[in-house]
Amino acid sequence: MERLDKIVAVATGESRKIARGMILRGRITVDGVRIVDIGFKADAGSSVIALDGNNITYKKYIYVMINKPEGVLSASEDKSRETVVDLVKRHFNRDGLFPVGRLDKNTTGLLIVTDDGDFGHKVISPKSYIEKEYIVGLDKPISNEDILKLEAGVTLVDGTVLRPAQVNVLENRQNISVVITEGKYHEIKRMLGTVGIGVETLKRVRIGKLMLDPSLLTGECREMSDEELSLVVK
């Protein structure tokens, strides 16, 4: 059961204040009954809720794919800097949104923003072994010996042991694809640092089997389909 004003706000994209006004003016019906109590609760999954006689659709959770730009924080809110949730809220009026995992401030690419905590936990949990693929621009060429070390698993200077990575050379040895299943703090940068290589650019292009939509320009976002969600977690 959810508060009716929340259901109406989410379904219409309006604020809770405006939604409460709709209810008080008798514009909302639940299963054909006009409701004027702003504290009324309804089951949006089994009840027919209408605004001015037109049925409205309420989604308990929302899942948004964003092509994260450089310089934007992977956070729900920040007092002085723009976040990925700020970008998403320009298009989706939802409370409780958060990024699933984090990309560093200067890392770009695929990020999911949602309000489904269980989904988010499954995606970021190391126990799920969900692959994340990055395209990495290096400050110098990587050798076959370096690749073998990374694919065997490395230990960081602080003693943190990283799982083996998958590394593939792309156009040249200063552009590689790296696949990891953990997502530790600055993992790829620190991993490459163990073989003396710095990272110049970093872009995530895949989570699980879900690829970044090539039609999404930097900073753009869109709602994900059920099929796409199944590519992330089963």
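## Considerations on the layout of surface pockets
Part 1: In this structure, the largest pocket spans a volume of roughly 550 Å³.
Part 2: Lining the largest pocket are 28 residues, with Arg 102, Leu 103, Asp 104, Gly 183 and Lys 184 positioned closest to its centre.
Part 3: When residues of the lining of the largest pocket are traced back to their parent elements, those giving at least two are α4 (117-124), β10 (132-138), α6 (187-193) and β13 (199-207).
Part 4: Among the residues making up the lining of the largest pocket, the classes are represented as 13 nonpolar, six polar and nine charged.

## Here's the deal with the sheet that holds strand β5 (residues 49-51)
As a general point, the strands of a sheet are linked pairwise by backbone hydrogen bonds and lie either parallel or antiparallel.
Part 1: The strand order β3-β2-β5-β6 describes an open sheet built from four strands, whose pairing is antiparallel. The open sheet has two edge strands with one neighbour each: β3 (33-34) and β6 (54-55).
Part 2: Strand direction decides the pairing type here: strand β2 (residues 28-30) and β3, joined by two bridges, are antiparallel. The residue bridging Val 30 from the neighbouring strand is Val 33, located in β3.

## Topic: the pattern of salt bridges
Part 1: Overall, the coordinates contain 19 salt bridges when judged by the stated rule.
Part 2: Put simply, Lys 59 and Glu 223 hold a salt bridge, and the shortest N to O gap is 2.7 Å. Pair noted here: Lys 59 is in the loop between β6 and β7 (63-68) and Glu 223 is in strand β15 (residues 221-223), with a separation of 164 residues, a long-range link.
Part 3: Look at Lys 59 and you get partly exposed, because its relative accessible area is 41%.
Part 4: Given the relative accessible area of 29%, Glu 223 is considered partly exposed.
Part 5: Here Lys 189 and Asp 104 are joined by a salt bridge, their closest N and O atoms 3.7 Å apart. With a gap of 85 residues between them, Lys 189 in helix α6 and Asp 104 in the loop between β8 (98-99) and β9 (108-114) connect regions that are remote in the sequence.
Part 6: Put simply, Arg 3, Asp 5, Arg 16, Arg 20 and Asp 95 are held in one network by salt bridges that share partners.

What counts, and where the lines are drawn
- Within every chain, residues take consecutive numbers counted from 1 along the sequence as written.
- Totals for whole chains, interfaces and linings use every residue, but because this is a predicted model, local features are given only for residues with pLDDT of at least 70 and side-chain atom pairs only at 80 or more, for both listing and counting.
- Remark: hydrogens and water are excluded; side-chain values derive from all non-hydrogen atoms of the structure.
- Detection works on a 1 Å grid of protein atoms alone, calling trapped sets that fit a 1.4 Å probe cavities and calling open sets with protein on both sides within 12 Å along at least five of seven lines pockets, with lining residues defined by an atom within 4 Å of a point.
- Grid points are joined across faces, edges and corners, and a volume is the space filled by probe spheres set on the points.
- Numbering goes from the N terminus for both helices and strands, where a helix is a DSSP run of H or I of at least four residues and a strand is a run of E of at least two.
- Residue polarity follows a fixed list, in which Ala, Val, Leu, Ile, Met, Phe, Trp, Tyr, Cys and Pro are nonpolar, Asp, Glu, Lys and Arg are charged, and the others, Gly among them, are polar.
- Two strands pair if DSSP finds at least two bridges between them.
- Salt-bridge detection follows one rule: a side-chain nitrogen of Lys or Arg within 4 Å of a carboxyl oxygen of Asp or Glu.
- For each residue, the accessible area found with a 1.4 Å probe, counting protein chains only, is set against the maximum for its type, and the residue is called buried under 20%, exposed over 50%, and partly exposed in between.

Treat this as a map of the structure, not an account of what it does.
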